[in-house]
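Each chain, written out:
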Amino acid sequence: MRAANQVVASVLDELRTIAAPGVTTAELDATVEARVREAGATPAFKGYRGFPASLCASINDEVVHGIPSPRKLMAGDIVSLDVGVLLDGYYGDSAVTVAIGTVSDEVKQLLRVTREALELGIERMRVGLRVSDIGHAIQCHVEANGFSVVREFVGHGIGTKLHEEPQIPNYGEPGQGPRLAEGMVLAIEPMVNIGKPTVRVLDDQWTAVTSDGSLSAHFEHTVAVTSSSAEVLTRRPSDSQTVTA
Ligand code: MG
Ligand code: MG
């Protein structure tokens, strides 16, 4: 699982450097597919329930599951880049949201708070705590900063399937759900809106957008519970690990 997830991490690192004004999400998708196959892995999303691409690219008010297209990224956009791969029978899954050019302070704060919420959720991944302790930590940080947590989509177990039990909501009361045990691997993925938490799915049957049109951010790591800590399998060299709660 480390190997599969490091393929994802390195692809996202490259995407982050090439996502710029004038680049299309279809071009980013082509880069993902090429790099994943060069690594001897298979894109996990392509063909998953009919999804047509290797990358989910969700721009601005798009929350998740955006389909790559000839649409050019523009300065001031934010784009969630979500990549999954299958390598030697195991899946990896991770996402980042990237600012294109200059964005407002509020948008910078949205990205920072979502990233911090992910790290705070990961901090709760300790043997003996419960699944809802993760989502509770995420929700508290997001709402304390005036943003809202999407309910309709959740994190998940991951291993020999892309989506396994248990589901990991990004909200809820603490102390509920399955107990975390050594060896569990979970994909934690808060989706955070500037406005209301509700979303709707477009006619393409995939793209989820905020129902009020507000901007949305999404960060995801695949994380293993070990006896002593949480090991982030999709940690990228460029990642800041600093969290200020
Ligand atoms: Mg993902
Ligand atoms: Mg996922």
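Participant: Any chance you could explain unusual backbone geometry here in plain terms?
Facilitator: In most cases, non-glycine residues show a negative phi, while peptide bonds are predominantly trans. Cis geometry is found at the peptide bond from Glu 165 to Pro 166, where omega equals -5°. Within the secondary structure, Pro 166 sits in strand E8 (residues 164-168). Positive phi, close to 50°, is recorded for Arg 49, a residue that is not glycine. Within the element layout of this structure, Arg 49 appears in the loop between strand E1 (42-43) and strand E2 (55-59). For Asn 60, which is not a glycine, the phi torsion comes out positive at approximately 55°.

Participant: What should I look at first to understand the coordination of the magnesium ion (ligand 1) in this one?
Facilitator: Tetrahedral coordination by four donors puts the ideal angle at the metal at 109.5 degrees, and octahedral coordination by six puts it at 90 or 180 degrees. For the magnesium ion (ligand 1), every protein donor is listed as Asp 82 (OD), Asp 82 (OD), Asp 93 (OD) and Glu 220 (OE), and the spread of their distances is 2.0 to 2.6 Å. For the magnesium ion (ligand 1), the single-chain donor residues occur in sequence as D-x10-D-x126-E. The magnesium ion (ligand 2) is placed at 3.2 Å from the magnesium ion (ligand 1), the two being bridged by Asp 93. Remark: Asp 93 occurs in strand E5 (residues 90-99) and Asp 82 occurs in strand E4 (residues 78-87); sequence separation between them is 11 residues. Just as Asp 82 is buried, Asp 93 falls in that class too.

Participant: Would you mind going over the pairing of E2 with me for this structure?
Facilitator: Looking along a regular strand, one sees the side chains alternate between the two faces of the sheet. In terms of burial, E2 is a largely internal element, 5 of the 5 residues being buried. The side-chain alternation of E2 yields two buried faces, one formed by Leu 55, Ala 57 and Ile 59 and the other by Cys 56 and Ser 58. Bridging between E2 and E4 involves 5 bridges; their strand directions are antiparallel. Bridging from a neighbouring strand, Leu 55 pairs with Val 83 of E4.

Participant: Please explain the nonpolar core as it appears in this structure.
Facilitator: Considering soluble globular proteins, one finds that nonpolar side chains tend to be buried as a cluster. Judged by nonpolar contacts, the single largest core of 52 residues is most densely connected at Leu 15, Leu 81 and Val 83. Here the element with the most residues in this core is helix H3 (residues 105-123); it accounts for 7 residues. The contacts of Val 83, once residues within four sequence positions are left out, are Val 8, Val 11, Leu 12, Leu 15, Val 32, Phe 45, Leu 55, Gly 92, Asp 93 and Ser 94. Core analysis: the next-biggest nonpolar cluster, separate from the first, contains 13 residues, Ala 44, Ala 53, Ile 158 and Val 185 among them.

Participant: Even after reading the chapter, I still don't get the layout of surface pockets, so can you show me in this structure?
Facilitator: Sizing a probe to match a water molecule and rolling it over the atoms shows the empty space that remains. Taken as a whole, the largest pocket holds about 510 Å³ of empty space. When contributions to the lining of the largest pocket are tallied by element, the ones reaching two or more residues are strand E7 (155-157) and E8. In terms of residue count, E8 provides more of the lining of the largest pocket than any other element does, 3 residues in total. Across the lining of the largest pocket, the residue classes tally to 10 nonpolar, 6 polar and 7 charged.

Participant: Would you explain the sheet that holds strand E9 (residues 185-188) in this entry?
Facilitator: Overall, antiparallel pairing links the 5 strands, which are arranged E8-E7-E9-E14-E15 in an open sheet. Since the sheet does not close on itself, it has two edges, and those belong to E8 and strand E15 (230-232), each with one partner. The sheet shows a mean angle of 25° between the axes of neighbouring strands, taken without regard to direction.

Participant: What is the right way to look at the sheet that holds strand E11 (residues 199-201) in this model?
Facilitator: The strands that make up a sheet are held in pairs by hydrogen bonds between backbone atoms, and each pair lies either parallel or antiparallel. Across the sheet, 3 strands lie side by side as E3-E12-E11; this open sheet has antiparallel pairing. Bordering the open sheet on either side are strand E3 (62-64) and E11, each of which pairs with just one other strand. Here the strands of the sheet are splayed against their neighbours by 40° on average, with no regard to which way each runs. Sheet analysis places E11 next to strand E12 (residues 208-210), joined by 3 bridges and oriented antiparallel. When the bridges of E12 are listed, Val 199 appears paired with Thr 210.

Calculation rules
- Residues numbered from 1 in each chain as written.
- Chains lettered and ligands numbered in written order.
- Predicted model: local features only at pLDDT ≥ 70, side-chain atom pairs only at ≥ 80, totals over all residues.
- Heavy atoms only, no water.
- Helix = DSSP H or I, 4+ residues; strand = E, 2+ residues; numbered from the N terminus.
- Donors = N, O, S within 2.8 Å, 3.2 Å for Na, K, Ca; no water.
- Buried < 20%, exposed > 50% of the residue type's maximum accessible area, 1.4 Å probe, protein only.
- Pairing = 2+ DSSP bridges.
- Core = buried A, V, L, I, M, F, W, Y, C linked by side-chain atoms within 4.5 Å.
- Contact = heavy atoms within 4.5 Å.
- 1 Å grid on protein atoms, 1.4 Å probe; cavity = no way out; pocket = protein on both sides within 12 Å on 5 of 7 lines; lining within 4 Å.
- Points joined across faces, edges and corners; volume = space filled by probe spheres on them.
- Nonpolar A, V, L, I, M, F, W, Y, C, P; charged D, E, K, R; others polar.
- Axes fitted to C-alpha atoms, helices over the stretch in contact; angles between N-to-C directions.

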